[in-house]
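Single-letter residue listing:
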Amino acid sequence: MTAETVKTNLLGLTQSKLEEFFISIGEKKFRAQQVMKWIHHFGVDNFDEMSNVSKALRERLKVCAEIRGPEVVSCDFSADGTRKWVVRVASGSCVETVYIPDGKRGTLCVSSQAGCALDCSFCSTGKQGFNSDLTVAEIIGQVWLAAKSFNNVPARSDRAITNVVMMGMGEPLLNFDNVMDSMNLMMDDLGYGLSKRRVTLSTSGVVPAMHRMVGLTDVSLAVSLHAPNDALRNELVPINKKYPLKELLAAIHDYMSTLSDKNRVVTIEYTLLKGINDQPEHAEQMIALLRDVPCKINLIPFNPFPGSGYERPSNNAIRRFQVMLLEKGFNTTVRKTRGDDIDAACGQLVGQVQDRTRRSARYRDQQQQNSGAEPVKVMGMAS
């Protein structure tokens, strides 16, 4: 197929871009609304099923357009109801999507990159290196595939997917434009109709992109903190060397202060690592750091993966840390470990990344040298 005849994947187009597409082929822009409903409300990928679109236009669309989501490689089911999909993207790498049920709430954790350009020391995704940004079709396609798997049209009141979090593989703000378009589709009534409170973007602290978000979106914000001081965060979250805590806190304030709903707060994600960042002095430093930040704190007990070098704190240490924050008035919860029997727990997302950075190879070599044993195998379809 030549460049002139490459089909446009309508799955990845926002309403405004789909209107531009129809205008470009000489059609009225209202066709965008019709087609968006078929794609996102009903999970249709066959133009012949679009009964309110003329046959002539359907035949024309077959020639110049397609509706194509990522290829599903596997789907695993946890004993606790968690589901994990491994999907292959255009680069050849595989990424992972996780669905977490909790009563009437169903949260879909979506990936934004194949691998991750960052290298947080406690995250298995980062150890896989980086291959590529996902396209809008590959990001929103994860929501589309998951909704279809539940035979669940988003217009229903009992939808399976009630929340979406950009907390899967990758740093969302390093794939800024595609992530913004994807979240707009999630919130569009012609897309998935999710409220701004139910779509959450999680970042490790790409400060310039956080400032760019102002005025472009009003989704909920989560920040992966993981350390209460610059020295420790430099080790655990290396991007802190470029954008230290003072700049990160200023970016949080910049974004949150412009939201129309002044009752909204930022979620602070904090992975607890035994003997590293789980001590009383760390809790005291967090209290001082966040005293002027309207937030809720989500404590995440570390989920081990081979060769990580970190351990999960004891339940007593986790509870002690939580109580210290609660006593100072912070809304603090401990995230339940879900889906760890299928490697779908937080921090375990891996997939199969064709690493362009050679980080995964360096990591395996380092682990081999440290252990004096056989090379550590790259985790396959894990989460």
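Residues numbered from 1 in each chain as written. Predicted model: local features only at pLDDT ≥ 70, side-chain atom pairs only at ≥ 80, totals over all residues. Heavy atoms only, no water.

Some words on the environment of Phe-22
Positionally, Phe-22 belongs in helix α1 (residues 15–24). On a C-alpha basis, the gap between Phe-22 and Leu-61 in space is 9.8 Å, while along the polypeptide they are 39 residues apart. Ignoring anything within four residues of it in the chain, the contact list for Phe-22 reads Glu-27, Lys-28, Arg-31, Ala-32, Val-35, Leu-57 and Leu-61. (Helix = DSSP H or I, 4+ residues; strand = E, 2+ residues; numbered from the N terminus. Contact = heavy atoms within 4.5 Å.)

Description of the confidence of the model for the protein
When the pLDDT values of the protein are averaged, the result is 87; 85% of them are 70 or greater. Contacts for the low-pLDDT stretch residues 344–350, under 50 throughout, to residues beyond four places or in other chains number 45 contacts. (pLDDT = per-residue confidence, 0-100.)

As for helix α10 (residues 280–289)
Because each turn of an α-helix spans 3.6 residues, side chains separated by three or four positions end up pointing in the same direction. Restricting attention to buried positions, one finds in α10 the residues His-282, Ala-283, Met-286, Ile-287 and Leu-289. For α10, the buried positions fall inside an angular range of 165° around the axis, keeping them on one side. Close packing links the buried residues of α10 with α8 (230–236), α9 (245–257), β12 (266–272), β13 (295–301) and α11 (315–327). (Buried < 20%, exposed > 50% of the residue type's maximum accessible area, 1.4 Å probe, protein only. Arc of directions from axis to C-beta.)

Brief notes about the pairing of strand β3 (residues 71–77)
Note: β3 against strand β4 (residues 83–88), six bridges, orientation antiparallel. Note on β4: the bridge partner recorded for Val-72 is Val-87. Connecting β3 to the next strand, β4, in antiparallel fashion are five residues, including Gly-81 with a positive phi near 95°. (Pairing = 2+ DSSP bridges.)

Some words on the sheet that holds β13
Spatial ordering of the open sheet is given by β3-β4-β5-β6-β9-β10-β11-β12-β13-β14, a layout of 10 strands whose pairing is mixed. The open sheet has two edge strands, β3 and β14 (331–334), and neither has a second partner. Here the average twist between neighbouring strands, direction ignored, is 20°. Direction of pairing for strand β6 (residues 105–109) relative to strand β9 (residues 163–166): parallel, over a ladder of three bridges. Opposite Thr-107, over in β9, you have Asn-163 as the bridge partner. In the packing of helix α6 (residues 176–187) onto the sheet, contacts are made with β9 and β10 (199–203), and the angle to β10 comes to roughly 160°. Against the sheet, α11 engages β12, β13 and β14, with an angle of about 165° to β14. (Axes fitted to C-alpha atoms, helices over the stretch in contact; angles between N-to-C directions.)

A short note on the packing of α10 against α11
Between α10 and α11, whose axes approach to 9 Å, the crossing angle comes to 30°. When the axis of α10 is compared with that of α11, the two are roughly parallel. By crossing handedness, the relation of α10 to α11 is classed as right-handed. Residue-level inspection shows Pro-280, His-282, Ala-283, Glu-284, Met-286 and Ile-287 of α10 in contact with α11, the latter providing Arg-320, Phe-321, Met-324 and Leu-325. In terms of residue class, the contact of α10 with α11 is made up of seven nonpolar, one polar and two charged. (Parallel < 35°, antiparallel > 145°, perpendicular 65-115°, else oblique. Left-handed = near helix turned anticlockwise from the far one by under 90°. Nonpolar A, V, L, I, M, F, W, Y, C, P; charged D, E, K, R; others polar.)

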